[in-house]
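# A structural walkthrough
The residues making up each chain are set out below.
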Amino acid sequence: MALSLLSGKGKFNREDHVTMFNSNITDCDENGIVYGETPTWVPFGEDNDEITREMNNEIDAKKNVLGKTNIDHTGGAQTTEIDPIAIRGNDTLSAILYLMFKYGLTGDKAKLQCMEVTLGDKQSDGSYGAFTEDAVVDLKSWGGDTTKLNGPITLNWCGNKEHGTFNASTKAFTKTTVE
C-alpha cells in the first residue's frame, strides 16, 4: 500500500478524529448487547474535553556487553477512558450504560462495536479513512456528585480492527477489501 498523506495544511483540530459507537442496539439484558443489522454510528464525547486512545506499549531497553542499547518494543493493551459521561434521558449510550450497571455486564457481554474516523484522511470519493473495532466497556462507576448522574467508562480495545472508509453523508462504513 502506497503512503498517502493526510489532507490539509497545518495542525489538525481534536474534532478531526472522532470515536463512535454503534447505537443500533435492539436489546440489552443480563445476556449482553444485541445489535441490529445496519450500524448507526454516534460519536462519543458530548461531555468531554479529552478522549485519547492510550497505546500502553511496553519498552525494555537493555545495554549489552558491547555497550550498545537494544530496545524491545511490544504493543500493549490499548484503552480509551471517557470521563465524564452524563447520564441523560432519551439517549442510547445512557441506556446502554444503565443496563450494564443494572445487570452487572462485563467481558463479552459488555462489548460495544466502535469506529474511529480521521477527517484528515479524506479519500478521492469524499469519504474518510476509518476503522471499526470492538471494545469491552468497563463501567468505572455509577453515581457522581450533586451536578449530574455520571457513568464514566474505559473502552478496552479488542484488536480486531477492520479498515475502510466512512461516508459522512450516508453515515456508512465500507470495509476495505483486498483483491
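Okay, so let's go over this structure. All values reported here derive from a predicted model rather than from experimental measurement.

### Description of the overall build of the chain
- Helix and strand content of the chain: one helix and 13 strands.
- Counting only C-alpha atoms and orienting by the principal axes, one finds that the chain spans roughly 60 × 45 × 35 Å.
- Taking all 179 residues of the chain together, 32% fall into the buried category.
- A separation of at least 24 residues holds for 56% of the contacts in the chain among residues at least 6 apart in sequence.
- If the 17 positive side-chain charges of the chain are averaged to one point and the 27 negative ones to another, these points end up 6 Å apart.

### So, the nonpolar core
- Judged by nonpolar contacts, the single largest core of 21 residues is most densely connected at Phe 44, Met 100, Leu 112, Ile 153 and Leu 155.
- Those elements that provide at least two residues to this core are strand 3 (32-35), helix 1 (92-103), strand 9 (111-122), strand 10 (128-139) and strand 11 (153-157).
- Broken down by element, the residue count for this core peaks at four residues, all from helix 1.
- Not counting residues within four places of it along the chain, the set of residues in contact with Leu 155 comprises Phe 44, Gln 78, Thr 79, Thr 80, Ile 82, Ala 135, Val 136 and Val 137.
- One finds Trp 41, Tyr 128, Ala 130 and Phe 166 within the second-largest nonpolar core, a separate group that totals nine residues.

### Quick look at the pairing of strand 12 (residues 162-167)
- Inspection of the sheet shows strand 10 paired to strand 12 by five bridges, in the antiparallel sense. Within strand 12, the residue paired with Gly 129 across the bridge is Thr 165.
- The sheet contact formed by strand 12 and strand 13 (residues 172-175) spans four bridges and is antiparallel. Residue pairing across strands places Gly 164 opposite Lys 175, the latter belonging to strand 13.

### Looking at the environment of Asn 22
- Among the structural elements, Asn 22 can be located in strand 1 (residues 17-22).
- Residue classification places Asn 22 among the buried positions, given a relative accessible area of 0%.
- Between the alpha carbons of Asn 22 and Leu 93 there is a distance of 9.5 Å; along the sequence they are 71 residues apart.
- The contacts of Asn 22, once residues within four sequence positions are left out, are Tyr 35, Pro 39, Thr 40, Trp 41 and Gln 113.
- Polar contacts involving the side chain of Asn 22 include one to the main-chain amide nitrogen of Thr 40, which spans 3.1 Å.
- A polar contact of 2.6 Å, which involves the side chain of Asn 22, links it to the side chain of Gln 113.

### So, the environment of Ile 87
- Topologically, Ile 87 is positioned in the loop between strand 8 (79-82) and helix 1.
- Between the C-alpha atom of Ile 87 and that of Gly 10, which follows or precedes it by 77 residues, the distance is 36 Å.
- Apart from residues no more than four positions distant in its own chain, Ile 87 is found in contact with Ser 94, Leu 97, Trp 142, Leu 149, Asn 150 and Gly 151.

### Things to note about the packing of aromatic side chains
- In total, this model carries three aromatic pairs according to the counting rule given.
- Seen in terms of ring centroids, Tyr 98 and Trp 142 are 6.2 Å apart; in terms of plane orientation they differ by 50°. Their pairing is tilted. Of this pair, Tyr 98 sits in helix 1 while Trp 142 sits in the loop between strand 10 and strand 11, and the two are 44 residues apart along the sequence.
- On the basis of relative accessibility, which here comes to 38%, the residue Tyr 98 falls in the partly exposed class.
- Judged by its relative accessible area of 24%, Trp 142 falls in the partly exposed class.

Rules used in this analysis
Residues numbered from 1 in each chain as written. Predicted model: local features only at pLDDT ≥ 70, side-chain atom pairs only at ≥ 80, totals over all residues. Heavy atoms only, no water. Helix = DSSP H or I, 4+ residues; strand = E, 2+ residues; numbered from the N terminus. Buried < 20%, exposed > 50% of the residue type's maximum accessible area, 1.4 Å probe, protein only. Contact = heavy atoms within 4.5 Å. Lys, Arg positive; Asp, Glu negative; His and termini not counted. Charge placed at Lys NZ, Arg CZ, Asp CG, Glu CD. Core = buried A, V, L, I, M, F, W, Y, C linked by side-chain atoms within 4.5 Å. Pairing = 2+ DSSP bridges. Polar contact = N/O pair within 3.5 Å; in protein donor to acceptor, adjacent residues only side chain to side chain. Phe/Tyr/Trp six-rings, centres within 6.5 Å; stacked < 30°, edge-to-face > 60°.

In short, shape yes, function no, at least from these values alone.
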